[in-house]
Amino acid sequence: MEKQILSALVENKSGVLAHVAGLFSARGFNIDSLAVGETEDPRFSRMTIVACGDEAVLEQVRKQLDKLVSVVKVQDLSRASRVERDLLLVRVNAPPGKRSQVIELANTFRAKVVDVGLSEVMIEVVGTEDKVQALLDLLRPYGIVEMARTGRIALMRSSRG
Amino acid sequence: MGKNGAEILIDALIAEGVETIFALPGGVVIPLFDRLYDCPLKVVLVRHEQGAGHMADGYARASGKVGVCLTTSGPGATNLTTALATAYMDSIPIVAITGQVRTNLIGNDAFQEADITGITRPVTKHNYLLRDVKDLARTVKEAFHIASTGCPGPVLIDLPVDVTTSVLDGEVNNEMQLPGYRIIVKGHPGQIKKAAQAINDSERPVLYAGGGVIISGAAEELAKLARKANLPVTTTLMGLGCFPEDDPLSLHMLGMHGTVYANYAVTQCDLLIAVGARFDDRVTGKLDAFAPKARIVHIDVSPASIGKIVTADIPVVGDAKQVLGQLLKLVEQRERKGWLEQIAQWKREFPLSYDRQAKTVKPQFVVEQVREVSDGDTIVVTDVGQCQMWAAQYYGYSKPRTFLSSGGLGTMGYGLPAAIGAQFACPDKTVFVIAGDGSLQMNIQEFSTAVGNKLPIKIALLDNGYLGMVRQWQELFFNRRYSSTYLADQNPDFVKVAEAYGAIGMRVEAKDGVRPALEAAMQVSDKPVLIDFRIDPEENVFPMVPAGEAIDRMLSRMA
């Protein structure tokens with residue numbers, strides 16, 4: 001099962017997110033993540049959707065999305081030259097004996113400590129999905145208290161010539 | 001003083017060419033109905049909002065225009081849901097306007113509040129919740145545009161009561177803002193050329209035409225193309241009427257209850273040209289056995305339909321009328337004697353049949369007799385189930401927009417209200433409903449609307465005392481265990497019901513009573529006529545392709 005990334009430019013109106021999500025659920029497509037935010041044009045938002053499925057399934061998804069009146073443009077970024085990022089906030093157990101190890105791990109990944117507690121720290125890391133997943137896997141043995149992840153956002157690289 | 005929302009709405013509807021709206025009032029739309037009281041629009045009062053929705057649908061199918069219905073908030077709006085889903089599945093242009101509670105109450109579980117835009121999102125092409133009167137004119141214009149173009153569909157506008165009463169400060173601005181809505185009309189010339197080449201090269205082609213041909217107004221182009229290149233034509237349920245069924249090239253309907261010769265032709269063809277059809281499961285049966293020897297040309301206005309069910313070897317995205325017109329110039333005349341002879345042989349060997357010698361009233365006979373008393377412009381509206389299939393098989397449709405039926409959703413209760421809508425759209429045409437005793441009861445209250453408006457609709461009730469189609473499956477596949485399908489001992493006296501509403505009721509229990517009853521019905525011009533035909537209770541629809549079977553492995557009457 002491949003992961004496919006779609007970037008959709010949609011009208012910035014209430015109900016559009018519900019419509020897109022509803023489309024996916026009604027047709028049984030599995031969404032891994034969906035991130036949406038404003039763009040340079042206040043009329044439009046950009047949605048980055050990561051879905052799991054084969055190419056034929058993705059092609060249907062892309063066409064169904066395109067059909068929605070509120071969706072202006074859909075790009076399949078799966079095979080495009082692109083930059084993608086995922087942001088993770090995670091609270092990790094870091095009692096006095098272990099704290100320095102946790103912080104060192106964070107530094108290795110160029111992640112930041114953004115909150116400190118008696119026995120925990122909160123770490124923020126931005127990067128590709130692989131990088132974020134790698135740090136998470138390494139932090140897991142210490143005990144993850146809670147985490148929040150944005151899901152991937154992506155933009156196509158500019159052409160260079 | 002400027003205009004208020006209600007006035008702007010009515011002006012906008014009139015500007016779109018609306019003449020008739022189907023409606024039921026309620027609390028939040030009282031200010032709007034006050035403006036409707038003496039406006040030029042004809043407002044048809046219905047008895048159930050689902051009826052209003054189906055009337056707008058029948059109006060649209062019969063006329064080609066956008067049908068309009070108007071309801072109040074809460075239950076009035078939710079009652080439209082089935083009708084919207086019906087229109088959505090069959091791509092019918094409707095604009096549904098629902099009242100809504102005041103903008104500042106939305107989301108507070110107010111009296112008669114429903115999140116109708118949320119509820120109908122999956123069953124409308126698009127919907128709007130208006131919050132400001134300055135958006136009203138633009139929204140109406142957009143709604144009509146979206147409903148009627150590309151692949152048409154229902155559009156809902158949710159209108160809060162305070163928007164209808166607020167006065168617009170400034171000029172009415174109805175400039176559309178639809179950055180995300182594009183329609184592809186002209187087919188790609190390269191693809192069309194490939195399709196023409198494929199047709200010219202094929203030995204055993206079949207043209208598979210669906211509802212899209214009717215929506216596009218492409219019947220003439222289709223007929224010319226079929227006749228020039230000698231392409232046998234089969235239609236879906238939704239496509240009935242797009243090609244004259246008395247033409248020797250007509251294979252009639254294909255699929256689950258289609259003719260043997262249509263299904264055989266599709267299974268043996270080497271090129272399947274699909275136009276305005278979507279390879280629905282009622283047509284394809286077992287997918288990997290569908291048209292197994294054929295290359296597939298798929299012409300459709302909706303890119304999302306292409307490649308959804310079946311891979312198209314030559315996809316052409318575009319409007320049917322345009323694409324067929326282009327194809328017509330490029331295809332060559334060919335006789336295809338061998339193929340046409342094979343098809344003629346199948347037609348001789350496997351015609352549609354029923355026991356014509358039977359003494360009982362056979363539903364197929366009734367449908368044939370309806371055809372005998374009608375003219376080519378008569379509109380047949382069906383309900384759903386066995387009655388629908390017999391109407392599709394035994395009438396013989398020659399013109400587009402003469403067969404109205406809920407194909408995609410299969411909504412029982414569609415017939416009577418849709419017929420009312422069709423009669424309003426075409427006041428000079430004869431309108432027949434072919435219904436079952438189960439279906440007719442689902443929107444029977446609309447007899448009031450028909451009688452009140454003096455509509456001379458003829459209702460041929462194929463009364464077998466069962467939920468017939470389900471009973472048939474129970475007979476064939478569940479050992480005749482008629483679980484919850486027997487209606488006869490609880491059915492009312494339909495003649496008395498018709499008379500109670502002010503319509504004319506007749507009962508026919510013998511074969512020789514069928515034709516006289518129909519002829520008598522044709523004489524009535526100012527009220528509906530219901531004819532309760534007591535048909536053979538266990539008559540089945542054949543041929544039948546069992547679910548999941550290949551379409552050339554149908555059950556026929558002999559089974």
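Keep in mind the model is a prediction, meaning the values are calculated, not measured. (Residues numbered from 1 in each chain as written. Chains lettered and ligands numbered in written order. Predicted model: local features only at pLDDT ≥ 70, side-chain atom pairs only at ≥ 80, totals over all residues. Heavy atoms only, no water.)

(A) How the structure looks around the overall build of chain A. Each helix and strand in chain A was counted, giving four helices and nine strands. Overall, chain A is about 55 × 40 × 35 Å in size when its C-alpha atoms are taken along their principal axes. Counting over 161 residues, chain A shows a buried share of 40%. Long-range pairs, those at least 24 residues apart, make up 73% of the contacts in chain A between residues at least 6 apart in sequence. Accessible surface, chain A as shown: approximately 8,800 Å² in total, 52% of it carbon and sulfur. Measuring between centres, the 23 positive side-chain charges of chain A sit 2 Å from its 21 negative side-chain charges. (Helix = DSSP H or I, 4+ residues; strand = E, 2+ residues; numbered from the N terminus. Buried < 20%, exposed > 50% of the residue type's maximum accessible area, 1.4 Å probe, protein only. Contact = heavy atoms within 4.5 Å. Areas by Shrake-Rupley, 256 points an atom, 1.4 Å probe, with all protein chains shown as cover. Lys, Arg positive; Asp, Glu negative; His and termini not counted. Charge placed at Lys NZ, Arg CZ, Asp CG, Glu CD.)

(B) The confidence of the model for chain B, seen in detail. Confidence in the prediction for chain B averages 97 pLDDT; 100% of positions are at 70 or higher. Interface confidence for the predicted complex, given as ipTM, is 0.87, next to a pTM of 0.95. (pLDDT = per-residue confidence, 0-100.)

(C) Highlighting the interface of chain A and chain B. Counting from both sides, the interface comprises 15 residues of chain A and, opposite them, 16 residues of chain B. Around 1,400 Å² of area is buried between chain A and chain B when both sides are counted, 53% of it from carbon and sulfur atoms. In terms of surface lost to chain B, no three residues of chain A exceed A:His19, A:Lys63 and A:Val69, which account for 41% of the buried area on that side. Viewed at the interface, chain B and chain A are joined by one salt bridge. One salt bridge in this structure joins B:Arg182 and A:Asp66, with 3.4 Å as the shortest N-O distance. On the surface where chain A and chain B come into contact, there are five residue pairs in polar contact (both at pLDDT 80 or more). When residues of the side of chain A that touches chain B are assigned to their parent elements, the largest contribution, five residues, is made by helix H2 (residues 55–67) of chain A. Tallied by class, the residues present in the side of chain A that touches chain B amount to six nonpolar, five polar and four charged. (Buried area = accessible area lost by both parts, 1.4 Å probe. Salt bridge = Lys/Arg side-chain N within 4 Å of Asp/Glu carboxyl O. Polar contact = N/O pair within 3.5 Å; in protein donor to acceptor, adjacent residues only side chain to side chain. Nonpolar A, V, L, I, M, F, W, Y, C, P; charged D, E, K, R; others polar.)

(D) Layout of the pairing of strand E6 (residues 112–116) of chain A. Residue and element names in this part refer to chain A. Taken together, the four bridges between E6 and strand E7 (residues 120–127) define a ladder with antiparallel strand orientation. Counterpart to Val-116 in the pairing with E7 is Val-121. A loop of three residues connects E6 with E7, the two strands running antiparallel in sequence. (Pairing = 2+ DSSP bridges.)

(E) Just a nonpolar patch on the surface, in detail. Residue and element names in this part refer to chain A. Together, Leu-87, Leu-89, Val-114 and Val-126 give the surface a local cluster of nonpolar side chains, amounting to about 260 Å² of exposed area. In this fold, Val-114 is placed in strand E6. Residue classification places Val-114 among the partly exposed positions, given a relative accessible area of 42%. (Patch = residues over 30% accessible without salt bridge, like charges linked within 9 Å, V, L, I, M, F, W, Y side chains within 5 Å.)

(F) A look at the sheet that holds strand E17 (residues 504–508) of chain B. Residues and elements named next belong to chain B. A sheet is described by the order of its strands in space; here six strands give the open sequence E14-E13-E15-E16-E18-E17, paired in parallel fashion. Single-partner strands in this sheet number two, and they are strand E14 (403–404) and E17. Bridging between strand E15 (residues 431–436) and strand E16 (residues 458–463) involves five bridges; their strand directions are parallel. Along E16, the bridge assignment pairs Val-433 with Ile-459. Sheet strands touched by helix H22 (residues 494–501): E16, E17 and strand E18 (529–534). Its angle to E17, the strand with the most contacts, is close to 170°. (Axes fitted to C-alpha atoms, helices over the stretch in contact; angles between N-to-C directions.)

(G) Representation of the pattern of salt bridges. All told, the structure shown has 45 salt bridges over all chains when counted by the stated rule. Between A:Glu129 and A:Lys3 there is a salt bridge; the shortest N-O distance is 3.9 Å. Taken together, the positions of A:Glu129 in helix H4 (residues 129–139) and A:Lys3 in strand E1 (residues 3–11) put the pair 126 residues apart, joining distant regions of the chain. The partner of B:Asp90 in a salt bridge is B:Arg61, and the shortest N-O contact between them spans 3.0 Å. Here B:Asp90, found in helix H5 (residues 81–90), pairs with B:Arg61, found in helix H3 (residues 49–63); they are 29 residues apart in sequence, far enough to count as distant. Counted as one network, the salt bridges with shared partners bring together A:Lys3, A:Asp32, A:Arg82, A:Glu84, A:Glu129 and A:Arg152.

(H) Examining the layout of surface pockets more closely. In this structure, the second largest pocket encloses a volume near 610 Å³. For the lining of the second largest pocket, the secondary-structure elements that each account for two or more residues are helix H1 (16–26) of chain A together with strand E5 (126–129) and helix H7 (136–148) of chain B. If you tally residues by element for the lining of the second largest pocket, the top one is E5(B), at four residues. Among the residues forming the lining of the second largest pocket, the class breakdown is seven nonpolar, ten polar and ten charged. (1 Å grid on protein atoms, 1.4 Å probe; cavity = no way out; pocket = protein on both sides within 12 Å on 5 of 7 lines; lining within 4 Å. Points joined across faces, edges and corners; volume = space filled by probe spheres on them.)

(I) Quick look at the sheet that holds strand E9 (residues 250–253) of chain B. All names here are of chain B. The strand order E9-E8-E7-E10-E11-E12 describes an open sheet built from six strands, whose pairing is parallel. Of all the strands in the sheet, the pair left with one neighbour each is E9 and strand E12 (314–317). Each strand of the sheet is rotated relative to its neighbour by a mean of 15°, with strand direction disregarded. Inspection of the sheet shows strand E8 (residues 233–235) paired to E9 by three bridges, in the parallel sense. Bridged to Val-233 within E9 is Ser-250. Against the sheet, helix H12 (residues 260–268) contacts strand E7 (205–209), E8, E9 and strand E10 (271–275), and its axis sits at roughly 110° relative to E9.

(J) Expanded view of empty space enclosed by the protein. Residues and elements named next belong to chain B. Using the criterion set out here, one finds four cavities of 30 Å³ or more in the structure. For the largest cavity, the full set of lining residues is Arg-371, Asp-375, Gly-376, Thr-378, Tyr-395, Gly-396, Tyr-397, Ser-398, Lys-399 and Thr-402. For the lining of the largest cavity, the class distribution of residues is two nonpolar, five polar and three charged.

(K) Highlighting the nonpolar core. All names here are of chain B. Ranked by internal contacts, the top residues of the largest apolar core, which has 50 residues, are Phe-22, Ile-379, Val-381, Ile-420, Leu-440, Phe-447 and Ile-459. Excluding anything up to four places from it in sequence, Leu-440 contacts Asp-383, Leu-416, Ala-435, Phe-447, Ile-459, Leu-461, Phe-494 and Leu-530. In this structure, Leu-70, Phe-144, Leu-168 and Leu-178 belong to the second largest nonpolar core, which totals 40 residues. (Core = buried A, V, L, I, M, F, W, Y, C linked by side-chain atoms within 4.5 Å.)

(L) Layout of the side chain of B:Lys458. Residue and element names in this part refer to chain B. Tracing the sequence through the fold places Lys-458 in strand E16. At 8.1 Å, Asp-526 is the nearest oppositely charged side chain to Lys-458, a buried residue that forms no salt bridge. Here the side chain of Lys-458 touches Pro-456 through a polar contact of 3.0 Å, landing on its backbone oxygen. Aside from chain neighbours lying at most four places away, what touches Lys-458 is Thr-430, Val-431, Phe-432, Val-433, Ala-521, Met-522, Val-524 and Val-529.

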